[in-house]
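The residues making up each chain are set out below.
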Amino acid sequence: MQDFAPLVVGIDVGGTKTHLRALAGEAPVADHVRTSAGWRPHDPVAAARWLAALVTDVLPAGARPSSVAIGGHACETPRQCERIRAALREYVDAPALVVGDAQLLVPAAGLDTGVGLVAGTGSVAVGRLPDGTAVQVGGWGAALGDEGGAAGLVREAARAVWAAHDRGERPDALALGLIASLDVPEVPALGAALERATDVSAEWGRHAPVVFAAAAHGSALARTVIDEAGGALALLVHRLAARGVAVDDVVVAGGTVLSQPGLYDAFTDALAETVPTARARRLEVPPVEGAVALARSLL
């Protein structure tokens, strides 16, 4: 029987960076951030091996976790997350839990129920039914969805610019910004530039600042794209509410929505109209705090 404080490990595997935090009781043991390069959530064995290597690299030699909880980017269904957890048993001899990274937000905020909404490179919202069943909406990737995330904003901005071009309008600040950022000579060339992307979400998403800069310079097209993105994020919460998820508290995270007041305001304005009982709250701590809370719940 252990005569020392249990070692809990929480891991937030984001689309860009991964954060591991380990504590023995309240005493910090490790707090480490690295890139998420090599994370392959659709290959459970590779994902488990990647997580095990991370734990081994970061924890002190000989340290044995008492519990581990992981929030994984692109871990989209309970079945997928469970397959990663099962594969992790080969490497970690301790209770473990694997969930989608958005499911870290509610516990990170110190809440038992609510919605976690992420709008970073992509966008997704998650919650739980009264029986505890997890429900996810959105998160379908830049080609099909992710409205309100950076990549989705760029996709919709390009569509708005193309439509304006087809109407015979002169390029505005949004069109000129996209042309410069994508290094093409004219609006019709935007499509080929976007289609050349090998990592669509990341490569499209890095152009998102152009949309906000264009709005600041008076582009009505850009302003409409941002307003519609905010409405799309609010619609995710509405869909969860319609499925029976408690949505009184909406914990918001993600570099795009939290760093761009125009998008956050568009979201909260739309949320007030579509789900008047819901209240948005910015996540003020790292999401890894939610992973730590989940790891403690396994003890």
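Residues numbered from 1 in each chain as written. Predicted model: local features only at pLDDT ≥ 70, side-chain atom pairs only at ≥ 80, totals over all residues. Heavy atoms only, no water.

Visitor: What's the story with the pattern of salt bridges in this structure? I'm lost.
Guide: Opposite charge on two side chains allows them to pair when their charged atoms are near. The full count for this structure, using the stated rule, is 14 salt bridges. Across the pair arginine 296 and glutamate 26 runs a salt bridge, and its minimum N-O distance is 3.4 Å. Of the two residues, arginine 296 is situated in helix H12 (residues 288-297) and glutamate 26 in the loop between strand E2 (17-24) and strand E3 (27-35); the sequence distance between them amounts to 270 residues. Judged by relative accessible area, which is 33%, arginine 296 ranks as partly exposed. The salt bridge involving aspartate 93 is made with arginine 64; its shortest N-O contact spans 3.5 Å. Placement of aspartate 93 in the loop between helix H2 (78-88) and strand E5 (96-100) and of arginine 64 in the loop between helix H1 (44-58) and strand E4 (67-72) is noted, with a sequence separation of 29 residues between them. Here the two residues aspartate 93 and arginine 64 agree in accessibility, since each one is exposed. Each of Glu147, Arg155, Glu156 and Arg159 takes part in a single network of salt bridges with overlapping partners. (Salt bridge = Lys/Arg side-chain N within 4 Å of Asp/Glu carboxyl O. Helix = DSSP H or I, 4+ residues; strand = E, 2+ residues; numbered from the N terminus. Buried < 20%, exposed > 50% of the residue type's maximum accessible area, 1.4 Å probe, protein only.)

Visitor: Whenever I open this one, the sheet that holds strand E1 (residues 7-13) confuses me. Can you help?
Guide: Sheets are built from strands that pair by backbone hydrogen bonding, the pairs being arranged parallel or antiparallel. If you trace the five strands from one edge of the open sheet to the other, you get E3-E2-E1-E4-E5, paired in mixed fashion. Where the open sheet ends on each side, the last strands, each with one partner, are E3 and E5. Strand-to-strand twist across the sheet, computed as the mean angle between neighbouring axes with direction ignored, equals 10 degrees. The sheet contact formed by E4 and E5 spans five bridges and is parallel. Residue pairing for E5: valine 68 is matched across the bridge by alanine 96. (Pairing = 2+ DSSP bridges. Axes fitted to C-alpha atoms, helices over the stretch in contact; angles between N-to-C directions.)

Visitor: Looking at this structure, how should I read the state of the cysteines?
Guide: Here a disulfide denotes a covalent bond joining the sulfur atom of one cysteine to the sulfur atom of another. Scanning all chains against the criterion turns up one disulfide. Put simply, cysteine 75 and cysteine 81 are joined by a disulfide, and their sulfur atoms are 2.2 Å apart. Note on accessibility: cysteine 75 and cysteine 81 belong to one class, buried. (Disulfide = S-S within 2.5 Å.)

Visitor: What should I look at first to understand the pairing of strand E7 (residues 123-128) in this one?
Guide: Along a regular strand, successive side chains alternate from one face of the sheet to the other. Of all six residues in E7, five are buried; the element is thus mostly enclosed. The pairing of strand E6 (residues 115-119) with E7 spans four bridges and is antiparallel. If you follow leucine 117 over to E7, its bridge partner there is alanine 125. Turn length for the E6-E7 hairpin, with the two strands adjacent in sequence and antiparallel, is three residues. The pairing of E7 with strand E8 (residues 134-138) spans five bridges and is antiparallel. Bridge pairing in E8 places valine 126 opposite glutamine 136. Where E7 folds back on E8, the antiparallel hairpin that results is connected by five residues, among which glycine 132 adopts a positive phi of roughly 95 degrees.

That is the geometry; function is a separate question.
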